[in-house]
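Take a look at the letters that make up each chain.
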Amino acid sequence: MNLKAVILVGGPQKGTRFRPLSLDLPKPLFPIAGFPLVHHHIEACCRLKEVTEILLIGFFQPNDALRRFIQRERQEFGKSIIYLQEYTMLGTAGCIYHFRDVITNGSPDAFFLMFSDAFCDFPLQEMIQFKEKFMPYLIMTVEVPKEQSLHYGCAGINLTTSEVVHYTEKPDTFVSCDINAGIYLLNIDIFENIGVLFQNKHRPSLSDTSMEEVMLHVSHQNVYKPESTMGRISLESEVLPRLAGSGKLFAFRMDRFWLNIKSAGSALYANQAILELYKSSHPERLSDLPGCKGNVYIHPTAEVDDSAVLGPNVTVGAGVVIGQGARVKNSMILDGALVKAHSCILNSIIGWHCVVGEWTRVEGTPTEIDPNAPHATTDNFYLFDEQGRLRPSITILGRDVTIPAEVVIRNSIIMPSKELGRGFKNQILL
Amino acid sequence: MKALILVGGYGTRLRPLTLNVPKPLVEFGNKPIMLHQVEALVEAGVRTVILAVSYMSDALEKEMQIHAKRLGIEIIFSQENEPLGTAGPLALARKHLAGPECNEPFFVLNSDVISDYPFAKLLEFHKEHGKEGTICVAKVEEPSKYGVVVYDKSSGLIHKFVEKPQEFVSNKINAGMYIFNPSMLNRIEERPMSIEREVFPYMANEHELCCMELQDFWMDIGQPKDFLKGMCMYLTSLRQRSPEKLLKGSNIIGNVLIDPSVKIGENCKIGPNVVLGPDVVIEDGVRIQRCTVMRKATIKSHSWLESCIIGWESRVGKWARLENVTVLGQDVNVKDEIYLNGVRILPHKSISTSVPEPQIIM
């Protein structure tokens with residue numbers, strides 16, 4: 001089998017819930033368990049001999065960081081890896097349709113389509129085996145608690161045949177606990193299906209269009225809808241509901257951990273999950289220093305004092321200095337940060353080049369995962385609750401923040417380049 | 001000479017410390033509160049001390065008799081069967097305070113007050129003006145909390161008392177330290193009586209009550225917040241009078257008083273204003289300021305404490321942060337990495353979750 005992989009990486013207008021971390025670095029490059037987010041997707045794809053090329057599609061300007069990243073990945077894995085920049089919003093189906101020539105170049109049989117937000121122990125080999133030849137389109141699903149399912153695309157699955165008989169994106173009321181996990185294995189004839197939709201959008205014929213499309217046509221004539229939404233085709237809202245029940249769309253139900261990385265809280269949880277996976281996939285990445293408890297990743301250029309205690313679930317980036325007697329637990333320390341002596345960092349993300357003073361306590365509230373619900377995933381809630389109160393969340397220090405000695409920073413988000421003079425609790429500091 | 005100390009009852013405002021130890025025996029500056037007072041009285045010539053209590057405590061009795069022997073004085077317990085207020089206990093102890101052979105003035109103190117106790121000066125001033133009673137007044141920042149005294153600056157004669165004034169009257173308050181002639185006992189009956197409301201006003205009207213301004217420090221340490229404030233004042237006074245008693249070192253800042261048996265680890269920063277009791281252990285990398293740590297407590301490495309009272313035998317875990325008048329009772333165990341902000345914890349509790357806002361943990 002000859003396969004390709006397409007990874008949708010979004011753009012600066014997307015992923016705003018990942019701020020302030022995404023203000024300085026495109027979200028797909030944000031380090032999870034010591035390596036850029038999308039590196040984990042690329043690595044999983046490159047493990048398969050069937051995959052000949054990986055295409056990244058997104059809105060980011062191909063800046064230095066992105067260019068260097070792609071180059072490094074190419075060198076490391078020795079496969080063709082190309083970044084394709086979208087210039088206008090074409091929707092999740094529209095964009096792959098736009099680049100169909102590149103994707104179908106070399107005549108692959110099928111391609112993986114992955115959203116960079118979708119994070120899990122990628123079961124790509126199993127999906128290939130499961131699909132075999134008779135499933136044209138395979139979508140990976142996971143099971144989540146009822147209440148959480150409303151935030152995702154819900155699939156009604158025939159458990160005997162594994163066919164997706166019904167699909168609704170973000171319903172108002174409960175449809176199914178099986179949700180779209182954002183990873184697909186699609187035959188290249190998907191482009192025909194999308195093509196049909198595309199044609200209909202631009203030249204609707206009244207005989208075989210839904211009410212929706214009539215309205216679209218009408219509004220186009222009356223210029224109600226803004227230009228930018230024309231030509232947008234959404235895989236989830238338009239393509240999948242049509243394919244559901246047609247005998248062509250099937251579900252691969254995955255029961256290992258999965259999460260959608262939308263907020264910094266989920267990034268920390270992903271960090272934890274991947275560090276655990278390293279035990280089997282990359283045991284050399286886990287530190288065996290005496291001061292480490294549980295899973296800890298320390299970049300080779302970081303300096304950690306012997307008396308510091310790290311972990312469990314800690315990643316320490318390049319050039320980080322951790323002082324005498326410091327304690328770091330369930331946190332990420334990004335490149336170049338300085339954590340001074342006797343400080344205590346819990347459930348937090350310390351941004352690039354931050355300074356945390358002596359005896360200072362930086363503490364957040366970790367995202368709760370319901371231990372009783374099967375495959376419960378992180379709730380990517382918004383920062384404020386219905387009463388307008390700031391929800392307790394992990395503490396995030398943006399790039400270049402300086403925290404003085406002996407203070408407490410608790411449940412707060414600090415924007416980049418701030419120099420604080422005192423402690424803060426439950427606040428967002430712009 | 002004789003003195004009466006109004007010890008009173010259960011010391012509820014200093015809980016959780018007073019749940020295990022009678023208030024007079026709670027160590028202040030590494031010495032039971034009561035002993036600070038008794039030793040100062042003895043220095044001024046007192047040979048009989050009457051403790052007016054509302055309940056008998058074996059621990060208190062035993063401890064005080066040891067000190068009585070050591071100081072060569074007599075300590076008498078006068079126990080009230082019903083609450084007698086602030087004046088009644090004097091009538092109850094009448095036979096000890098005055099008699100046909102004894103016509104000397106006697107001292108009366110509240111057991112909660114700490115000061116440099118200028119009793120000799122008070123006696124002198126009292127004999128000079130020849131009135132029936134003299135009370136000490138202290139200058140405070142928040143007079144309305146106590147009860148303000150209005151008096152003539154030159155003679156010291158008191159005009160009146162004002163409880164909780166609604167507008168500024170004066171910043172001098174009744175310091176709870178007095179000296180009286182035995183004739184004053186005629187004004188008191190053996191029933192619940194308030195000295196501030198039922199005795200002093202009459203004495204003032206008759207021009208028989210004078211006051212002496214305290215020059216040095218004074219504090220009512222009946223509650224934890226004031227206990228710590230008083231501790232700072234006491235240490236400042238110690239620095240002036242006997243600086244050799246305070247600790248010196250590269251890791252010591254400001255006024256720090258420790259028992260010789262204390263062990264301090266490496267890379268600590270201790271002070272200012274810290275009192276460490278016997279057998280206290282401070283491990284490596286600890287930052288502690290404005291705290292009292294009672295006997296046999298342990299503060300583990302890299303923790304940070306400010307404005308706390310750590311009870312006897314308690315343990316504070318590594319990387320813990322305790323602040324804002326957190327008080328641990330006896331034998332409390334705070335686990336590693338815990339944050340306590342303004343929390344009072346009752347004895348023998350084990351704390352494994354942070355308490356970020358002021359609370360009482362039972």
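- Naming follows an unreviewed UniProt entry, where chain B appears as mannose-1-phosphate guanylyltransferase of Clavelina lepadiformis.
- As recorded by UniProt, the Sequence similarities (unreviewed entry) comment attached to chain B reads in full: "Belongs to the transferase hexapeptide repeat family."
- Regarding chain B, the UniProt comment filed under Pathway (unreviewed entry) reads as follows: "Nucleotide-sugar biosynthesis; GDP-alpha-D-mannose biosynthesis; GDP-alpha-D-mannose from alpha-D-mannose 1-phosphate (GTP route): step 1/1."

- An unreviewed UniProt entry lists chain A under the name Nucleotidyl transferase domain-containing protein, from Clavelina lepadiformis.

1. As for the overall build of chain A
So, step 1. The helix and strand tally for chain A stands at 11 helices and 31 strands.
So, step 2. Within chain A, the proportion of its 430 residues that are buried is 56%.
So, step 3. Surface accessibility of chain A: about 18800 Å² in total, with carbon and sulfur atoms responsible for 51%.

2. Notes on the packing of helix α1 (residues 33–43) of chain B against helix α2 (residues 58–71) of chain B
All names here are of chain B.
So, step 1. Packing of α1 against α2 brings their axes to within 12 Å, and their N-to-C directions diverge by 25°. As summarised for this structure, α1 and α2 are arranged roughly parallel, according to the angle between their axes. Remark: the crossing between α1 and α2 carries right-handed chirality. Of the residues in α2, those touching α1 at Met34, Leu35, Val38, Glu39 and Val42 are Met64, His67, Arg70 and Leu71.
So, step 2. By residue class, the composition of the contact of α1 with α2 is 6 nonpolar, 1 polar and 2 charged.

3. Considerations on the interface of chain B and chain A
So, step 1. In this assembly, 19 residues from chain B lie in contact with 18 residues from chain A.
So, step 2. Broken down residue by residue, the surface that chain B buries against chain A is led by B:Trp319, B:Arg321 and B:Glu337, which jointly contribute 42%.
So, step 3. Counting the contacts that link chain B with chain A gives 3 salt bridges.
So, step 4. Of the charged contacts, one joins B:Glu337 and A:Lys329 as a salt bridge, the two residues approaching to 3.0 Å between their closest N and O atoms.
So, step 5. One can count 14 residue pairs in polar contact (both at pLDDT 80 or more) joining chain B with chain A.
So, step 6. Where the side of chain B that touches chain A is concerned, the elements lending two or more residues are β19 (287–289), β25 (321–323) and β28 (339–341) of chain B.
So, step 7. A breakdown of the residues in the side of chain B that touches chain A according to their chemical character gives 6 nonpolar, 7 polar and 6 charged.

4. Some words on the packing of aromatic side chains
All names here are of chain B.
So, step 1. In this structure the tally under the stated criterion is 19 aromatic pairs over all chains.
So, step 2. Taken together, a centroid distance of 5.5 Å and an interplanar angle of 55° make the contact between Phe28 and Tyr234 tilted. Residue Phe28 is found in strand β2 (residues 27–28), and its partner Tyr234 is found in helix α7 (residues 224–241); the two are separated by 206 residues along the sequence.
So, step 3. The class of Phe28 is buried, set by a relative accessible area of 1%.
So, step 4. When the centroid spacing of 6.2 Å and the interplanar angle of 65° are considered together, the rings of Phe106 and Phe180 count as edge-to-face. A residue pair is termed long-range when its members are at least 10 positions apart, and Phe106 in strand β6 (residues 106–110) and Phe180 in strand β11 (residues 172–180) qualify at 74 residues. Residue Phe106 shares its accessibility class with Phe180, and that shared class is buried.

5. Notes on the UniProt feature "domain: Mannose-1-phosphate guanyltransferase C-terminal" (unreviewed entry) in chain B
So, step 1. When the UniProt feature table is mapped onto this chain, "domain: Mannose-1-phosphate guanyltransferase C-terminal" (unreviewed entry) is found at residues 252–361 of chain B.
So, step 2. Spanning residues 252–361 of chain B, this segment combines 0% helix with 43% strand, and its end C-alpha atoms are found 32 Å apart.

6. Notes on unusual backbone geometry
Backbone phi values are negative for most residues with the exception of glycine, while trans is the configuration of most peptide bonds.
Residue and element names in this part refer to chain B.
So, step 1. Omega for the bond connecting Arg15 with Pro16 falls within 30 degrees of zero, at 5°, which places this linkage in the cis form.
So, step 2. With respect to the secondary-structure elements, Pro16 resides in the loop between β1 (2–8) and β2.
So, step 3. Of the consecutive residues Gly271 and Pro272, the connecting peptide bond is found in the cis state with omega at 5°.
So, step 4. Position of Pro272 among the secondary structure elements: in the loop between β16 (269–270) and β17 (274–276).
So, step 5. Unlike most non-glycine residues, Asn324 shows phi in positive territory, near 65°.
So, step 6. Considering the arrangement of structural elements, one finds Asn324 in the loop between β25 and β26 (326–328).

7. Focus: the sheet that holds strand β18 (residues 321–322) of chain A
Residue and element names in this part refer to chain A.
So, step 1. Pairing is parallel in the open sheet, where 5 strands are placed in the order β15-β18-β21-β24-β27. Across the chains shown, the open sheet's two edge strands, defined by having one partner strand only, are β15 (303–304) and β27 (402–403).
So, step 2. Alignment of strand β24 (residues 355–356) against β27, held across 2 bridges, turns out to be parallel. Bridge pairing in β27 places Val356 opposite Ile403.

8. Here we look at the pairing of β6(B)
Residues and elements named next belong to chain B.
So, step 1. Where burial is concerned, most of β6 is hidden: 4 out of the 5 residues are buried.
So, step 2. When β6 meets β11, the two strands line up antiparallel, connected through 4 bridges. Bridge pairing links Val108 to Tyr178 in β11.

9. Observations regarding the sheet that holds strand β18 (residues 281–282) of chain B
By way of backbone hydrogen bonds, the strands of a sheet pair with one another, either parallel or antiparallel.
So, step 1. The parallel open sheet is built from 6 strands, whose spatial order is β15-β18-β21-β24-β27-β30 (chain B). Edge positions in the sheet fall to β15 (263–264) and β30 (350–351) of chain B, since each has one partner strand and no second.

Definitions and limits used
- Residues numbered from 1 in each chain as written.
- Chains lettered and ligands numbered in written order.
- Predicted model: local features only at pLDDT ≥ 70, side-chain atom pairs only at ≥ 80, totals over all residues.
- Heavy atoms only, no water.
- UniProt positions renumbered as here; feature names shortened; annotations may be inferred.
- Helix = DSSP H or I, 4+ residues; strand = E, 2+ residues; numbered from the N terminus.
- Buried < 20%, exposed > 50% of the residue type's maximum accessible area, 1.4 Å probe, protein only.
- Areas by Shrake-Rupley, 256 points an atom, 1.4 Å probe, with all protein chains shown as cover.
- Axes fitted to C-alpha atoms, helices over the stretch in contact; angles between N-to-C directions.
- Parallel < 35°, antiparallel > 145°, perpendicular 65-115°, else oblique.
- Left-handed = near helix turned anticlockwise from the far one by under 90°.
- Contact = heavy atoms within 4.5 Å.
- Nonpolar A, V, L, I, M, F, W, Y, C, P; charged D, E, K, R; others polar.
- Buried area = accessible area lost by both parts, 1.4 Å probe.
- Salt bridge = Lys/Arg side-chain N within 4 Å of Asp/Glu carboxyl O.
- Polar contact = N/O pair within 3.5 Å; in protein donor to acceptor, adjacent residues only side chain to side chain.
- Phe/Tyr/Trp six-rings, centres within 6.5 Å; stacked < 30°, edge-to-face > 60°.
- Pairing = 2+ DSSP bridges.

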